[in-house]
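Listed below are the residues making up each chain.
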Amino acid sequence: QVQLVESGGGLVQAGGSLRLSCAASGSIFSISTLGWYRQAPGKQREVVASITSGGNTDYADSAKGRFTISRDNAKNTVYLQMNSLKPEDTAVYYCRFFLSLVGEYWGQGTQVTVSS
């Protein structure tokens, strides 16, 4: 069982920054693939960024150049640094843990609201 707890969401003006954190339980964090997803009202959940156990990253086009995903295996934590935020970034952000041996787990989500 893996538990994920997100934090760092909030209200920010357009152009501002936020750093999301997702802390995970368990000893298999370092070999997992981690991702950040978001879901805006009335829309489907979409991937924002992901990072493999080897540190390879991938970003949605909407996040490229503005968001950075990183991980600290010593702290069992994955981060999403979000800069130059736009109103369209407003959503609930979720972190996802995936390891083929155990499946996937999701956090409870953290609200990000960007005002214009």
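What counts and how
- Residues numbered from 1 in each chain as written.
- Predicted model: local features only at pLDDT ≥ 70, side-chain atom pairs only at ≥ 80, totals over all residues.
- Heavy atoms only, no water.
- Helix = DSSP H or I, 4+ residues; strand = E, 2+ residues; numbered from the N terminus.
- Rg over C-alpha atoms; globule rule 2.2 N^0.38 Å.
- Buried < 20%, exposed > 50% of the residue type's maximum accessible area, 1.4 Å probe, protein only.
- Areas by Shrake-Rupley, 256 points an atom, 1.4 Å probe, with all protein chains shown as cover.
- Lys, Arg positive; Asp, Glu negative; His and termini not counted.
- Charge placed at Lys NZ, Arg CZ, Asp CG, Glu CD.
- Disulfide = S-S within 2.5 Å.
- Pairing = 2+ DSSP bridges.
- Axes fitted to C-alpha atoms, helices over the stretch in contact; angles between N-to-C directions.

K.L.:
It is not clear to me how the overall build of the protein should be interpreted in this structure. Could you clarify?
P.N.:
A tally of helices and strands in the protein yields zero helices and 11 strands. Reading the protein from its N terminus to its C terminus gives the helix and strand order β-β-β-β-β-β-β-β-β-β-β. In terms of C-alpha radius of gyration, the protein reaches 13 Å, essentially the compact-globule figure of 13 Å for 116 residues. Taken along its principal axes, the extent of the C-alpha atoms in the protein is 40 × 25 × 20 Å. Scored against the burial criterion, the 116 residues of the protein give a buried share of 42%. As displayed, the protein offers around 6,000 Å² of accessible surface, 47% of which is attributable to carbon and sulfur atoms. Placing the 10 positive and 8 negative side-chain charges of the protein at their respective mean positions leaves the two points 2 Å apart.

K.L.:
What should I look at first to understand the state of the cysteines in this one?
P.N.:
Put plainly, two cysteines are in a disulfide when a covalent bond ties their sulfur atoms together. Counted under the stated rule, the structure contains one disulfide. Linked covalently through their sulfurs, Cys22 and Cys95 form a disulfide whose S-S length is 1.9 Å. Here Cys95 lies in strand 9 (residues 91-99) and Cys22 lies in strand 3 (residues 18-24), a separation of 73 residues in the sequence.

K.L.:
Any chance you could explain unusual backbone geometry here in plain terms?
P.N.:
Peptide bonds are mostly trans, and most non-glycine residues show a negative phi. Despite not being glycine, Asn76 has its phi angle at roughly 50°, a positive value. Mapped onto the secondary structure, Asn76 falls in the loop between strand 7 (67-72) and strand 8 (77-82). A relative accessible area of 16% means that Asn76 is categorised as buried. For Ser84, which is not a glycine, the phi torsion comes out positive at approximately 50°.

K.L.:
Sorry, what's going on with the sheet that holds strand 1 (residues 4-7) here?
P.N.:
Across a sheet, strands are paired by hydrogen bonds formed along the backbone, either parallel or antiparallel in direction. An order of 1-3-8-7 is seen for the four strands of this open sheet, with the pairing classed as antiparallel. Whereas interior strands pair on both sides, the edge strands pair on one side only; in this sheet they are strand 1 and strand 7. Each strand axis lies, on average, 15° off the axis of its neighbour in the sheet, ignoring direction. Taken together, the six bridges between strand 3 and strand 8 define a ladder with antiparallel strand orientation. In the sheet register, Leu18 faces strand 8, and the bridge partner there is Met82.

Structural measurements only, silent on function.
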